[in-house]
Amino acid sequence: MGLHVLITRPSAQAKPWALQLQKLGIKTSSQAMLEIYPLVDSQAKQSAKNTVMRLDEYQKVIFVSQNAVNFGVSEIDTYWPQLPADLSFFAVGASTATLLADKLSELGGNINYPEQAMNSEALLALPALQKTLEGEKVLIVRGRGGRTHLGNSLEARGALVDYCEIYERRAPERIDPEAIAVFKNTTLTPVVSVHSGETLDNLCDAIATHVNQETLYWLKETPLLLPGARVAQIAKDLAFTHIIVAQNATNESMIEALYDWRYQ
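Residues numbered from 1 in each chain as written. Predicted model: local features only at pLDDT ≥ 70, side-chain atom pairs only at ≥ 80, totals over all residues. Heavy atoms only, no water.

J.: Just checking my understanding: could you explain the pattern of salt bridges for this structure?
T.: Charged atoms that come close allow side chains of opposite charge to pair. With the rule as written, the count across this model stands at 7 salt bridges. The partner of Arg-170 in a salt bridge is Glu-168, and the shortest N-O contact between them spans 3.2 Å. You can call Glu-168 buried: its relative accessible area is 10%. Where salt bridges share partners, they join Arg-54, Glu-57 and Lys-137 into one cluster. (Salt bridge = Lys/Arg side-chain N within 4 Å of Asp/Glu carboxyl O. Buried < 20%, exposed > 50% of the residue type's maximum accessible area, 1.4 Å probe, protein only.)

Given below as structure tokens:
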């Protein structure tokens, strides 16, 4: 395809994304602009533990990402060798649902998730969340300081919403300017892939702080591959000029959007 893609995902998630691109003959470079960490603050850890120990008080549990599944299920397994009865599980997207089914095998794949889009808006459109939720207790498993749109929308439908914040997202403490320089000077067509609005903000801050403003201006004119309209709007607000929008953040959708753009 004659492309060189800069991958900005957290290190653990960057590798499978890079391998899939490389199988298609696409050159890749990686520079994480978001990293995932377990909780270190003792108060936050105790709060997550207390919430999980009350799991039987909830009617619905929502996992917002694969990271939420990895960290959340580990905590659940510690205190609930057998899941409470009559819990309904939800996941934001097929990949998160698949991982949740694998981690909680006793669910037997009985997990609600939107099959097309992969975002809070699509999840909220599911029939099980469209009905009146008056008095139902809903637990949202997420990272610290996540978006409030999902919880606010459920509360507007009558639900009693709590959060189990089970991991942390952080901007990288340092980046490799040489890796950015190699990408900038590629002889192929450069494309930056970004999987979230927070990652995009971190990318702009890191380039401005650790490289230079000239490179940031160049970056904003470089094709940018994004997972949906919400992140695309963030990119427009940041003055990116060449935006490729996938239907969702799955590898398949991102690659499909990349192909459509490349061969349109």
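Additional details are given in the paragraphs that follow.
J.: Teacher, can you tell me more about the sheet that holds strand S9 (residues 189-193) here?
T.: Sheet strands pair by backbone hydrogen bonding; their relative direction is either parallel or antiparallel. Taken in spatial order, the 5 strands make up an open sheet running S2-S1-S9-S10-S11, and their pairing is parallel. Each edge of the open sheet is held by one strand with a lone partner, namely strand S2 (27-30) and strand S11 (243-245). Sheet twist, expressed as the mean angle between neighbouring strand axes with direction ignored, is 25°. Taken together, the 2 bridges between S9 and strand S10 (residues 224-226) define a ladder with parallel strand orientation. (Pairing = 2+ DSSP bridges. Helix = DSSP H or I, 4+ residues; strand = E, 2+ residues; numbered from the N terminus. Axes fitted to C-alpha atoms, helices over the stretch in contact; angles between N-to-C directions.)

J.: In this structure, what is going on with the pairing of strand S7 (residues 137-143)? I would like to understand it.
T.: Residues in a regular strand project their side chains so that they alternate between the two faces of the sheet. In terms of residue burial, S7 counts as a mostly covered element, since 6 of its 7 residues are buried. Note: strand S4 (residues 60-63) against S7, 4 bridges, orientation parallel. Along S7, the bridge assignment pairs Phe-63 with Val-141. For S7 and strand S8 (residues 160-170), the ladder comprises 7 bridges, and the chain directions are parallel. By the bridge assignment, Arg-142 is partnered in S8 with Glu-165.

J.: Explain the sheet that holds strand S6 (residues 111-112) to me, please; I cannot follow it from the model alone.
T.: Reading across the sheet, the 6 strands line up as S3-S8-S7-S4-S5-S6 and stay open at both edges, with mixed pairing between neighbours. Edge positions in the open sheet fall to strand S3 (35-38) and S6, since each of these has one partner strand only. Helix-sheet contacts for helix H3 (residues 66-79) involve S3, S4, S7 and S8, and the interaxial angle to S8 is about 110°. Along the sheet, helix H4 (residues 94-103) makes contact with S4, strand S5 (88-91) and S6, crossing S5 at roughly 140°. (Contact = heavy atoms within 4.5 Å.)

J.: What should I look at first to understand the packing of aromatic side chains in this one?
T.: Here the distance between the centres and the angle between the planes together describe a pair of aromatic rings. Summed over the entire model, instances satisfying the criterion amount to 4 aromatic pairs. Between the aromatic rings of Phe-183 and Trp-218, the centroid separation amounts to 5.8 Å while the plane-to-plane angle is 75°, which identifies the pairing as edge-to-face. Taken together, the residues span a long stretch of sequence, with Phe-183 in helix H8 (residues 177-184) and Trp-218 in helix H10 (residues 213-219) at a distance of 35 residues. Overall, the relative accessible area of 0% leaves Phe-183 in the buried class. Of note, Arg-142 hangs over the ring of Tyr-163, and the distance from its end group to the ring centre comes to 3.8 Å. One residue, Arg-170, lies across the ring of Tyr-37, its end atom 4.1 Å from the ring centre. (Phe/Tyr/Trp six-rings, centres within 6.5 Å; stacked < 30°, edge-to-face > 60°. Lys NZ or Arg CZ within 6 Å of the ring centre and 35° of its normal.)

J.: Would you mind showing me how to read the side chain of Ser-153 here?
T.: Examined against the element boundaries, Ser-153 turns out to sit in helix H7 (residues 149-156). Residue classification places Ser-153 among the buried positions, given a relative accessible area of 16%. Only 2.8 Å separates the side chain of Ser-153 from the backbone oxygen of His-149, close enough to count as a polar contact. (Polar contact = N/O pair within 3.5 Å; in protein donor to acceptor, adjacent residues only side chain to side chain.)

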